Amino acid sequence: DTGVSQNPRHKITKRGQNVTFRCDPISEHNRLYWYRQTLGQGPEFLTYFQNEAQLEKSRLLSDRFSAERPKGSFSTLEIQRTEQGDSAMYLCASSLGRVLMNTEAFFGQGTRLTVV
Amino acid sequence: KQEVTQIPAALSVPEGENLVLNCSFTDSAIYNLQWFRQDPGKGLTSLLLIQSSQREQTSGRLNASLDKSSGRSTLYIAASQPGDSATYLCAVRWSGYALNFGKGTSLLVTP
């Protein structure tokens, strides 16, 4: 499978616990994005990496959220001290960035987080 | 404020009908626009990408058009099938790298 891969697919955690999600982008893609989607809404942008550099962060990304992309390959999204409001689908996407062109973004299957 | 709106929120059609899904955006200075399909509980599948310099893109039974001056895009689905039932999302990239999504149109194609 050469698509975007996300693990785990589902995560149930108790409020206050920390969770970490992993995203493996399409291998040649240098751009990686994290989005969050709640029921009945479109995905909302969280953060963007170009190679290993985190270039853009949404105001939605509170201090409890941190994302990394070491070596410009896979990425992790960690949520500390989870709250019930963090329950959502977390989606990862990747694209191939080229000068003066915005290429197609491909999404993974998402990680569904439930905070109880 | 830059916003993306999709109307209608839900649509039900009998199999075989041609249909149009609408997407409107508030700022015409877009880089590109992308249409996605999302099945319940799943991730997003890219359908079509239209660059700001393009007027339309086609893939199989799907045709997407872009009119920047009026802030509109349409996704045309020909000869709809029950397997087309899903939520269709429109996403716009303005400045920066984020895709800005509408809330989607939930499509049901009945046999």
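Anything mentioned here points back to the structure above.
Just so it is clear, the model here is predicted, and its values are computed rather than measured.

A. Here's a closer look at the overall build of chain B. Scanning chain B from N- to C-terminus turns up zero helices and eleven strands. Overall, chain B shows an N-to-C arrangement of helices and strands of β-β-β-β-β-β-β-β-β-β-β. Taken against the 2.2 N^0.38 rule, which gives 13 Å for 111 residues, the C-alpha radius of gyration of chain B at 13 Å falls within 12% of a compact globule. Its C-alpha atoms put chain B at 40 × 25 × 20 Å along the principal axes. Out of the 111 residues belonging to chain B, those deemed buried represent 46%. The long-range share in chain B, meaning contacts at least 24 apart out of those at least 6 apart in sequence, stands at 55%. The average position of the 9 basic charges and that of the 8 acidic charges among the side chains of chain B differ by 7 Å.

B. Spotlight on the interface of chain A and chain B. Listed per partner, the contact involves 24 residues of chain A and 21 residues of chain B. Where chain A abuts chain B, roughly 1800 Å² becomes buried across the two surfaces, and 51% of that area is made up of carbon and sulfur atoms. Seen at the junction of chain A and chain B, the total is zero salt bridges. Here chain A is connected to chain B by six residue pairs in polar contact (both at pLDDT 80 or more). Mapped onto the side of chain A that touches chain B, the elements with two or more residues apiece are strand 4 (31-37), strand 5 (44-50) and strand 9 (88-95) of chain A. Here the element with the most residues in the side of chain A that touches chain B is strand 4 of chain A; it accounts for four residues.

C. Looking closely at the packing of aromatic side chains. Taken as a whole, this structure holds eleven aromatic pairs over all chains when the rule is applied. The interplanar angle of 40 degrees and the centroid separation of 5.6 Å between the aromatic rings of Phe36(B) and Phe101(B) together place this pair among those described as tilted. Placement of the pair is Phe36(B) in strand 4 (residues 32-38) and Phe101(B) in strand 10 (residues 99-101), with a sequence separation of 65 residues. Residues Phe36(B) and Phe101(B) agree in their burial class; the two are buried. Looking at Arg22(A), its charged tip hangs above the ring of Phe74(A), at a distance of 3.9 Å from the centre.

D. Quick peek at unusual backbone geometry. The linkage connecting Asn7(A) with the following residue, Pro8(A), adopts the cis geometry, with an omega of -10 degrees. You can see Pro8(A) is positioned in the loop between strand 1 (5-7) and strand 2 (10-13). Omega for the bond connecting Ile7(B) with Pro8(B) falls within 30 degrees of zero, at 0 degrees, which places this linkage in the cis form. Even without being a glycine, Lys71(A) presents a positive backbone phi close to 65 degrees. The topology assignment puts Lys71(A) in the loop between strand 7 (65-68) and strand 8 (75-79). Look at Lys71(A) and you get exposed, because its relative accessible area is 82%. Look at Ala79(B): it is not a glycine, yet its phi comes out positive at around 45 degrees. As for its placement among the helices and strands, Ala79(B) is situated in the loop between strand 8 (72-77) and strand 9 (86-93).

Conventions adopted
- Residues numbered from 1 in each chain as written.
- Chains lettered and ligands numbered in written order.
- Predicted model: local features only at pLDDT ≥ 70, side-chain atom pairs only at ≥ 80, totals over all residues.
- Heavy atoms only, no water.
- Helix = DSSP H or I, 4+ residues; strand = E, 2+ residues; numbered from the N terminus.
- Rg over C-alpha atoms; globule rule 2.2 N^0.38 Å.
- Buried < 20%, exposed > 50% of the residue type's maximum accessible area, 1.4 Å probe, protein only.
- Contact = heavy atoms within 4.5 Å.
- Lys, Arg positive; Asp, Glu negative; His and termini not counted.
- Charge placed at Lys NZ, Arg CZ, Asp CG, Glu CD.
- Buried area = accessible area lost by both parts, 1.4 Å probe.
- Salt bridge = Lys/Arg side-chain N within 4 Å of Asp/Glu carboxyl O.
- Polar contact = N/O pair within 3.5 Å; in protein donor to acceptor, adjacent residues only side chain to side chain.
- Phe/Tyr/Trp six-rings, centres within 6.5 Å; stacked < 30°, edge-to-face > 60°.
- Lys NZ or Arg CZ within 6 Å of the ring centre and 35° of its normal.

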